[in-house]
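Read off the chains here:
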Amino acid sequence: VICCIKVSLSIWSGEPQLCTRRTSKIVILSPRRPRVPGDGELLHNSTSPNDYSTSCSCCCDPDSSGGGTTTSHSNLCWPLANGLWRWGQMRLSAHPTMSPNRYLSIAKAVGGDGDDDRNERDFETPVSGDLTAAVTAIIPTPEHLRQRDTPRGYLRLWDGTGRSLTDPLPLSIPGVSNKQSLCDPPEEILIRVEKIIRSISSSSGPQNHLGRDDAIQAPIALCGKVINAIIWEENLWNFIHRENMIDVGSFVRLRNVNSAKLPTTGTKCLSVHIKSSLTPLPFDAYEIKDLLK
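### Some words on the layout of surface pockets
Any empty space left between the atoms is revealed when a probe the size of a water molecule rolls over them.
Part 1: The volume enclosed by the largest pocket comes to roughly 1,800 Å³.
Part 2: Considering the residues around the largest pocket, the lining is formed by 41 residues, among which S30, F239, M245, T279 and P280 are closest to the centre.
Part 3: Elements represented by at least two residues in the lining of the largest pocket include exactly β4 (25-31), β5 (52-58), α1 (78-94), α5 (187-201), α6 (234-242), β9 (251-261) and β11 (277-280).
Part 4: The dominant element in the lining of the largest pocket, judged by the number of residues it contributes, is α1, at seven residues.
Part 5: For the lining of the largest pocket, the class distribution of residues is 22 nonpolar, 11 polar and eight charged.
Part 6: Approximately 310 Å³ is the volume found for the second largest pocket.
Part 7: Lining of the second largest pocket is provided by 16 residues; of these, M98, Y103, T132, E287 and D290 occupy positions nearest its centre.
Part 8: Per-element accounting of the lining of the second largest pocket gives the leading share, four residues, to helix α7 (residues 286-292).
Part 9: In the lining of the second largest pocket, the residues fall into eight nonpolar, four polar and four charged.

The rules behind these values
Residues numbered from 1 in each chain as written. Predicted model: local features only at pLDDT ≥ 70, side-chain atom pairs only at ≥ 80, totals over all residues. Heavy atoms only, no water. 1 Å grid on protein atoms, 1.4 Å probe; cavity = no way out; pocket = protein on both sides within 12 Å on 5 of 7 lines; lining within 4 Å. Points joined across faces, edges and corners; volume = space filled by probe spheres on them. Helix = DSSP H or I, 4+ residues; strand = E, 2+ residues; numbered from the N terminus. Nonpolar A, V, L, I, M, F, W, Y, C, P; charged D, E, K, R; others polar.

All we've got here are geometric facts, nothing functional implied.
Below, the structure written as structure tokens:
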């Protein structure tokens, strides 16, 4: 939930918009305890400031962030924040929030939608779009290899599409061989998928759009391709790696990513660039349930 303090209302191209000023503040609120599979229909329901984590950015100081405390935001409307957060969680679970015109899968990114690998080899036209996938590995670029024009790191992603042929690792990692990468997606993904399926299958509320007739069973193995995604931006990499906002098994939404080739091997991959965005998703987001179905 985002609280905009001391902002003004204006019109741009005939549409209303909020404008910040030097005295404005943007406060981001979220429950301290994240939702996890097994919570079922249980949603955070508290109006106590101590149950929320906050971060605040002052518009007069773009570099200020993360230092906010609950006591400094005592004038916020906590019942409204709690209600908005609960509404947002139910909305994410019950309704799609991605445009079908921008849908991108790993199979489409590498150019093969089926078992015929000729499409994948001959596919050279780059594609772009929005992808929902699970993170199977987080690989930082070693400090001694970092330069201004090198990636900050890599994610390995799985969405259940494409041929079950895992791409090689983008970097050599001590103690890990490319033969081991053939085991992607790892066991952590299978366990997370099982927990999610059990959680959403036991839900009887409106957010369970699978329905009783479409009940799915936890798989004993996962099919589909694992692909590398290049992270170019320092701030995004810090969000992923240092702030621990995602881990192996997390489902994420990647917007406006492009197909590309790894600079080291020329293997097909995804490029997460300056105009891309990455968002961690709650376990019962509509797109996750649709992917697992």
